[in-house]
Amino acid sequence: MVRFAAGMLLGVLPIAWMATLPSWWWAPLCGVGGAALLAARRWLPVAGALLGLAVALGAAQARLAHGLAPALEGRDITLTGTVVGIPEDGGRRTRFRLAVDAAQRDGQSVIVPAVVRLNWYGTERPQIEPGMRWRLGARLERARGFANPGTFDYALWLFREGIGATGYVRDPETARRLADAAGPSLAAGRERLREHLQPLMPTGTGAGILMALALGHRSGIAPADWDILRATGTTHLVAISGLHIGIVALIGFQCGRVVWRLAGPLRRLGPRPIAQAWIGLAAAAAYAALAGFALPTVRALLMLAVALATIVLRRRARPLEGLATAAVAVLLFDPLAPLGASFWLSFGAVAAILYLAAGRVAPIGRAQRWIALQLGITVALTPLLLGFFGQASLVAPIANLVAIPWISLVVVPLTLAGTALATIWPDCGQLLFAAADMALMPLWRFLQACADWPLAEWHGARPTPPILLLALAGVTLVIAPRGVPARGAGVLALLPLLLWHPARPEYGGVRLHLLDVGQGLAAVIRTRDHTLVYDTGARFSNRFDAGSAVVVPFLRARGVHRIDALVLSHLDNDHAGGRDAVLRDMAPATVWTSAPHRLETQSRLCARRWNWTWDGVAFRFLHPDPDDALTGNDASCVLRIDAPGGSLLLPGDIESTAEWRLLARGTELDADVVVAPHHGSLTSSTPAFVRAVDPDHVLYAVGYRNRWDFPRPEVVDRWSPASGLGTDCAGAIHVSITPEAGVSKPRGWRQARPRFWRSGCARVGKSGTMRAVEPGGSTAQSGG
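Residues numbered from 1 in each chain as written. Predicted model: local features only at pLDDT ≥ 70, side-chain atom pairs only at ≥ 80, totals over all residues. Heavy atoms only, no water.

Another aspect to go through is the sheet that holds strand β23 (residues 697-700). Strand pairing in a sheet is mediated by backbone hydrogen bonds. Such pairs are either parallel or antiparallel. The seven strands lie next to each other as β18-β19-β20-β21-β22-β23-β24, forming an open sheet whose pairing is mixed. Only two strands of the sheet have a single partner each, and these edge strands are β18 (611-614) and β24 (723-726). The sheet shows a mean angle of 20° between the axes of neighbouring strands, direction not considered. (Pairing = 2+ DSSP bridges. Helix = DSSP H or I, 4+ residues; strand = E, 2+ residues; numbered from the N terminus. Axes fitted to C-alpha atoms, helices over the stretch in contact; angles between N-to-C directions.)

Relative to the elements of secondary structure, R640 occurs in strand β20 (residues 638-643). Of the residues examined, R640 reaches a relative accessible area of 2% and is grouped as buried. Setting aside chain neighbours within four positions, we find R640 in contact with A618, F619, R620, L622, S647, L648, L649, E668, L669, D670 and A671. (Buried < 20%, exposed > 50% of the residue type's maximum accessible area, 1.4 Å probe, protein only. Contact = heavy atoms within 4.5 Å.)

In this model, the protein chain carries an average pLDDT of 86, and 94% of its residues clear a pLDDT of 70 or more. Within the model, pLDDT remains below 50 along residues 763-784, and this stretch shows 50 contacts once partners closer than five positions in the same chain are excluded. (pLDDT = per-residue confidence, 0-100.)

Attention now moves to the packing of aromatic side chains. A complete count under the given rule lists 18 aromatic pairs for this structure. Arranged with centres 5.2 Å apart and planes meeting at 55°, the rings of W592 and F621 form a pair that is tilted. Here F621 lies in strand β19 (residues 617-623) and W592 lies in strand β16 (residues 590-593), a separation of 29 residues in the sequence. Residue W592 is classed as buried on the basis of its relative accessible area of 5%. Of the aromatic side chains, those joined through ring pairs into one cluster are W592, W610, W612, W614, F619 and F621. The positively charged end of R63 is found above the aromatic ring belonging to F159, 5.9 Å away from the centroid. Positioned above the aromatic ring of W610 is the side chain of R604, whose terminal nitrogen or guanidinium carbon lies 5.4 Å from the ring centre. (Phe/Tyr/Trp six-rings, centres within 6.5 Å; stacked < 30°, edge-to-face > 60°. Lys NZ or Arg CZ within 6 Å of the ring centre and 35° of its normal.)

This part is about unusual backbone geometry. Along the chain, F710 connects to P711 via a cis peptide bond; the corresponding omega equals -5°. Relative to the helices and strands, P711 is located in the loop between β23 and α23 (713-719). Despite not being glycine, H679 shows a phi value in the positive range, around 65°. Structurally, H679 is set in the loop between β22 (673-675) and α22 (687-693). On the basis of relative accessibility, which here comes to 3%, the residue H679 falls in the buried class. Positive phi, close to 60°, is recorded for D709, a residue that is not glycine. Taking relative accessible area as the criterion, D709 reaches 43% and is therefore assigned partly exposed.

The next point concerns the pairing of strand β10 (residues 510-514). Counting buried positions along β10 yields four of five residues, so the element is predominantly enclosed. As paired elements, β10 and strand β25 (residues 733-738) share five bridges and run antiparallel to each other. Among the inter-strand pairings, R511 is bridged to a residue of β25, identified as S736. One ladder, built from four bridges, connects β10 with strand β11 (residues 522-526); its direction is antiparallel. Its bridge partner being in β11, L512 is matched across the sheet by I525.

Quick look at the structure:
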């Protein structure tokens, strides 16, 4: 089983790097070949690889089979369907998933994805509940997200969740509720239970965490609380995951002993351990149902079922055989699970525990064993955490040493008891929730203290695959039992992970990274030893902004922990909405802006007299003039960067008035690369300004299908014959300037890292033409 499971995992992995999926017949062909080898019990690793590839290809092709046609994007479509899952109330909008039964456009039936994710905006929204049937008008977009190195891949998350399109309710007043939930459903039951529990919960931090432990509903946890959990490596404690599933199974297993004593004649049906195993599994399944059978929860349940099956089948299985069987079960249930970090962290943690427990011959006490286990798990998972997230908690062993037993033995049992009694005895349930909150608060203060430690988190550059594999081999040796030869070599194998740093520009060189932040602007400029951030993108809600979601993760993935300068061209939301995260996490040495009197932190006016040199590269502000009375867009900081091999121009959101001021002053504007002013709007990029800049490449910082239709085709025409590239289709855009080679051709992240789950796009071309660009790079003319 171990060889077969290893082969199956290796067969699934290639799908993570595919730019396009092969023809549909590859899946059954690989499946038949793998099944034949398995039936003959020959070449089990090859059989596993073929079957793994078959199920992964089949699952991926099934999810992409009914995508949203490009012609339907942004069009009014009438959808009829059923609400699935628990809707999320975000204050100004309700987000929910709709399983579509029928879709029409202008009275004609059209094909849309089976499940779409919609936002319903407005202050007078109806109550959206699971199981309701609606007919409503909506506008959809194909599933997509920001595309930047080192950041969360939202498009991949949508793909794994089976969501084929996103959008919003177009005409709320015409929406019609066709029926309430027809009969009982798990989602509706969870929602009703959540509404019943909400008034019984305590206020503050405890409410969000207890609700997460009770129902797997984590939206009540504040962003600041998430920061504490991440810094201490304890996020797994607020998810209904393997730890909690195991706790409930253990409680059920022990309760089975009591049930068995009271069972009377039923004891003749089988031995007590088998009954205990079934009761433990049933308890764990019930708890997983409270979490809505989310994929991580189902994975933990499958792993538990494999472990309990050894009791039911009266077989003694080696731990590694059990882990391999669980891996096969998970891959058959969800072949695309390895595309997510949680799969690797879950199995990595279990594998580390089994490895640490094996071969220990020296007797040690329970406390020593628990400390050694926490340290070992932290060391074992650090390469994976750095590979997936670029960060690891240094206080995780201490935090988990205290938190795991306290949460497992005190908080979770009180929370589950309160949940069970709340429906039949609300006062008792409320009392138990209060007790759970009282037990949680001392632990929470301890976690806050751990998170406040200056070295609580370690942020490192994202390692390359060879470095990551070498580090995993290294930790295997480091945590090996005493007496295993070459343990010291494991430390050496970890050094590349600890010391590796992405290549930096050479002296006199400069790199521009124009990040994909939707309709907004954020750029990172790097020289050999310095980093400047120009604008930070927008703030979209109290929980989400481009600074924390894109700019900071991108910098950390590049090994940057502090920036030398932050330039906020002006303080409009789409340029400065993400500044708080950058100011907090990147601690810029200098902050420049066109409106320092409006900024809450110490800053300087980016007046045109300021200039400096970093590593042989000259930086100069061209605008605004201190004597100008310009405000808003026209007061934007205009930054010029001159390197021996070429020049860059970042003009922010200046419009025609500021452009004419620059021309009237005789400012040196010619540049090899320019970011189009004001996202390519008609109020900017005047013909005279375009002639003065005369670039080889023009970049557009724009959102996909933005409502202003930026960049406007007329503006694209003005900038021709310069080549044009937009973040809406290209994702993050990278340009390098070196003294020897000069200016490189701008290259987009979607082009550099194409993946089949990323939908196509309409890319800006010369003379305002548009091309539909598909994930594999093929193009087709479009009316755009």
